[in-house]
Every structure is written in structure tokens, then in C-alpha cells.
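Here's the letter readout for the chains.
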Amino acid sequence: MSELRAFLADTTERVLDGNPDWAAIENAGLTKVLVPEEQGGFGGTWEDAFIVMRACGVHAIDHPIAEAILDSANVNDRDLYSAMMLAAKMAGALNAALDLSVQYTRERQQFGKPLASFQAIQQQLAVFAEEAAAADMAAASAFRAADRGDAWFEIACAKLRANQAARI
């Protein structure tokens with residue numbers, strides 16, 4: 001990860017942690033991640049937008065950040081790119097839910113032992129981790145493809161994979 005991308009990730013985490021208001025999100029420039037620097041934006045790529053959208057899922061942000069990013073970048077095929085943004089948000093939410101599940105199974109005791117010590121629980125967590133990783137990688141691939149141009153197939157696959165992972 002480049003230094004600039006790491007800075008974006010750190011800034012996004014700092015701003016979205018807790019319950020941010022819309023002004024804080026806009027002031028941090030998260031809604032202008034795709035806008036060129038000469039026009040007052042971050043000057044990022046779709047991969048940078050992935051960092052922001054995934055973090056929105058991790059922190060369960062209910063602000064219209066995806067819509068603002070798409071508006072600021074004047075995206076033509078809004079439905080397609082909205083699906084891509086949602087896939088990234090779902091991937092982030094799945095990873096956050098996995099982290100919470102692992103934490104809970106380590107803390108919760110049954111029969112005098114942590115739930116995480118039971119093989120059946122470990123198996124379910126492994127399946128959860130597999131699904132979360134698959135959704136994350138599919139979404140990341142869609143954003144990389146969007147940087148290269150026509151990404152409708154990758155976006156459709158990412159949304160489908162995120163839907164499947166959420167169901168499981």
C-alpha cells in the first residue's frame with residue numbers, strides 16, 4: 001500500500017470511528033476521493049474509493065457517502081457503480097461481524113470453556129472467515145477493474161459474491 005493510500009485509510013478510520021456527522025465526513029474529503037486534486041479533491045482512483053466504502057461497512061455508516069462520491073465524480077452508469085459501492089460496504093460489514101463473532105466466542109464460556117475452543121464453533125467461524133474474505137476480494141477486484149475501464153462483469157460478480165456471503 002502506497003504512503004498516500006495508507007494516509008487515506010488512516011484518515012478514513014479516524015473520521016468514521018464513532019458516530020461521525022456529515023460535516024466531518026465532508027471536511028475530511030471522503031466524498032471527493034475521486035475528484036482530481038486541481039478541483040479540490042483527493043485525486044484518487046476507484047481503489048481509493050474501495051478503502052472508503054469498505055470502512056463505511058466496517059463502521060456501519062448510514063450517511064450517503066457512496067452517492068456523494070458518485071455525484072462528485074460525475075459517474076455515468078450510476079446503478080452499476082452503486083452496486084459496486086454496496087459490494088464494498090457489504091464486505092466491510094462482513095469483516096466487522098466476523099471480528100465481533102470471534103471476540104464473542106473467545107469471551108463467552110460454556111461448560112467451563114470458551115466457545116472458541118469447541119471444534120463445531122471453530123468450523124463455523126472458518127466458514128464465516130472464508131465468505132468474508134471472498135466478498136472482500138471480489139469487491140476489491142471490481143474496484144481495480146473499474147480503474148482499468150469497463151468493469152460491468154467484475155462488478156456483477158462482486159455484488160453476487162457479497163450477496164452469497166451475507167446469506168451464508
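Residues numbered from 1 in each chain as written. Predicted model: local features only at pLDDT ≥ 70, side-chain atom pairs only at ≥ 80, totals over all residues. Heavy atoms only, no water.

Colleague: So what about the nonpolar core? Which residues, and what values?
Modeller: In this structure, L16, W46, I65 and Y81 are the most contacted members of the largest nonpolar core, which totals 47 residues. Those elements giving two or more residues to this core turn out to be α1 (3-16), α3 (46-58), α4 (65-72), α5 (78-107), α6 (119-148) and α7 (152-167). Element by element, the count of residues in this core is highest for α5, at 10 residues. Apart from residues lying up to four places away in sequence, Y81 is in contact with W46, L70, V75, A146, G149 and I155. (Core = buried A, V, L, I, M, F, W, Y, C linked by side-chain atoms within 4.5 Å. Buried < 20%, exposed > 50% of the residue type's maximum accessible area, 1.4 Å probe, protein only. Helix = DSSP H or I, 4+ residues; strand = E, 2+ residues; numbered from the N terminus. Contact = heavy atoms within 4.5 Å.)

Colleague: Tell me about the packing of aromatic side chains, and please be specific about residues and values.
Modeller: In the structure shown here, the tally under the stated rule is 5 aromatic pairs. Consider the rings of W46 and F143, whose centres lie 6.3 Å apart with planes at 65°: the pair is edge-to-face. Of this pair, W46 sits in helix α3 while F143 sits in helix α6; the two residues are 97 residues apart in sequence, bridging distant segments of the chain. By relative accessible area, F143 is classed as buried at 0%. Ring geometry for F50 and F143: centres 5.3 Å apart, planes at 55°, overall tilted. Of this pair, F50 sits in helix α3 while F143 sits in helix α6; the two residues are 93 residues apart in sequence, bridging distant segments of the chain. (Phe/Tyr/Trp six-rings, centres within 6.5 Å; stacked < 30°, edge-to-face > 60°.)

Colleague: Can you explain unusual backbone geometry? Please cite residues and give values.
Modeller: Its identity as a non-glycine residue notwithstanding, A60 has a phi of 50°, on the positive side. You can see A60 is positioned in the loop between α3 and α4. If you check the backbone angles, F111 has positive phi at about 55° while not being a glycine. Looking at the secondary structure, you find F111 in the loop between β1 (109-110) and β2 (113-114). You can call F111 exposed: its relative accessible area is 70%.

Everything listed here is a matter of coordinates, which is why it stays silent on function.
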